[in-house]
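Chains, contacts and geometry: an overview
Residue-level listing of the chains:
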Amino acid sequence: MTEPGPPIEGAAILDRLHATIIKYVILPNAESIDATVLWIAATHAQDSWTHAPRLVIKAPEKRCGKSRLLDVVDGTCYRPLMTVNASTAAICRSIGPTDPPTILLDEADTIFGGKQAEANEELRGLLNAGHQRGRPMIRWDHQKKERDEIPTFAMAALAGIGSMPDTIEDRAVIVKMRRRTATEKVAPFRSRRDGPVLRKLAADLSSWLRPHLTELQEAEPDMPLEDRAADTWEPLIAVADLAGGNWPERGRRAAQALNAAREGDAEFSDRLKLLIDCRIVFMDLEAIPSTVLLDRLKALPESPWAEYNGVGLTAMKLGVLLREYEIGSENVRFEPPTGRVKGFHRAAFEDAWQRYCPPADEPATGPYKPYKPYQDDVLPADPRYGFLRPVRLEPYQDPPDDQTGTA
């Protein structure tokens, strides 16, 4: 009777994977390396997870090592499915109902950037839906005359130049690559020579993690993040806790650091950018005419509104963008000479600012000054921006025809 071998040391395996990654690529910081290690390890326990985090490997230019890092991920993750150009249907059929592969998508900027973005909306939808278990694509099979549910749940890594679609990055661990300096050296990677070493490491990861699938499925690690960020990072933190050693601390530090970095430079959607800029130009006003709001938005430095859609932001497009937040213009009566015009009340924005905008830690600054209260004896420098205190905040109603009344 053979005696059982020594217990598998999870922390030691993660340390080996860490050493392997830094042998071939230079990552910008320790947290990015630790996050990549934990993401690769988490692919070997996909059956345990409710959410399948994406790994986004991006760089501002070519020759930053993103494809090389994807090669290492390919060699060490669970059941890699590498592609640079695959149809959505082919990827769906490759996932299957059980034991999904790890999808690896190189040159993702050519898929989601420029003119190709609209043509690949279905693939983006697949990657978004596959972040959470139980979100199948539903199609109608004309031959069988029955509904066909196609599973989408699978972990996925994307590598490319520039940012990925915001909906993908919102579900991702993001690693930013940068070009090596002359003093930063890495070992050359040759798949024929180095591939077997990586596959042995992948086998060791599976041997360690697969017996713990039930334990990982039931794990409820203390998370340093909330909401979707917590959903994305929970598998990585669960793996770190299982490994022990200093990995639980390193995993949580990586989660906080990389999530903070993403939130600090997130590219806002047009709607959210407009909402934030409206808060800037409103300053402390109770109401503002639509024309003045547009003027001030277009004059904001480093904002797109002056050249938006090639002609500048229009009143119609302003209304369309704000309508998603249930914000609309009203007839507002201001002090003379402005009078009754279309405008926006501050109160209409307050809820959306609180729910969607980053905290305004400091008072808004910029080239604008608050509108001055109406004063008969002071003429503002620019009459368009003066005398704009609203007479009332409720929608203006025309007075009745009979103005005489009785005392």
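As the structure is a computational prediction, the values presented were derived from the model and not from experiment. (Residues numbered from 1 in each chain as written. Predicted model: local features only at pLDDT ≥ 70, side-chain atom pairs only at ≥ 80, totals over all residues. Heavy atoms only, no water.)

On to the sheet that holds strand β10 (residues 340-345), then. The strand order β8-β10-β9 describes an open sheet built from three strands, whose pairing is antiparallel. Unpaired on one side and paired on the other, β8 (287-289) and β9 (330-333) mark the two borders of the sheet. Along the sheet, successive strands turn relative to each other by an average axial angle of 60°, direction set aside. Bridging between β8 and β10 involves three bridges; their strand directions are antiparallel. (Pairing = 2+ DSSP bridges. Helix = DSSP H or I, 4+ residues; strand = E, 2+ residues; numbered from the N terminus. Axes fitted to C-alpha atoms, helices over the stretch in contact; angles between N-to-C directions.)

What follows deals with the packing of aromatic side chains. Taken as a whole and assessed by the stated rule, the structure comprises seven aromatic pairs. Between Tyr 325 and Tyr 356, the ring centres sit 5.1 Å apart and the planes meet at 55°, which makes this aromatic pair tilted. Placement of Tyr 325 in the loop between α15 (315-323) and β9 and of Tyr 356 in helix α16 (residues 346-356) is noted, with a sequence separation of 31 residues between them. An aromatic cluster is built from Phe 282, Phe 344, Phe 349 and Trp 353, whose rings are joined through pairwise contacts. Looking at Arg 133, its charged tip hangs above the ring of Phe 153, at a distance of 4.0 Å from the centre. (Phe/Tyr/Trp six-rings, centres within 6.5 Å; stacked < 30°, edge-to-face > 60°. Lys NZ or Arg CZ within 6 Å of the ring centre and 35° of its normal.)

A few words now on the sheet that holds strand β1 (residues 54-59). The five strands lie next to each other as β2-β3-β6-β1-β7, forming an open sheet whose pairing is parallel. In this open sheet, the two edge strands, each paired with only one partner strand, are β2 (80-83) and β7 (172-176). Adjacent strand axes in the sheet meet at a mean angle of 15° when their direction is disregarded. Strand direction decides the pairing type here: strand β3 (residues 102-105) and strand β6 (residues 156-161), joined by three bridges, are parallel. Residue Leu 104 lies in a different strand from β6, and its bridge partner there is Ala 157.

With the rule as written, the count across this model stands at 21 salt bridges. Among the ionic pairs, Glu 122 bridges to Arg 139, the shortest N-O distance being 2.4 Å. Taken together, the positions of Glu 122 in helix α7 (residues 121-129) and Arg 139 in strand β4 (residues 137-141) put the pair 17 residues apart, joining distant regions of the chain. Residue class for Arg 139 comes out partly exposed when judged on its relative accessible area of 36%. Where salt bridges share partners, they join Asp 47, Arg 79, Asp 99 and Arg 210 into one cluster. (Salt bridge = Lys/Arg side-chain N within 4 Å of Asp/Glu carboxyl O. Buried < 20%, exposed > 50% of the residue type's maximum accessible area, 1.4 Å probe, protein only.)

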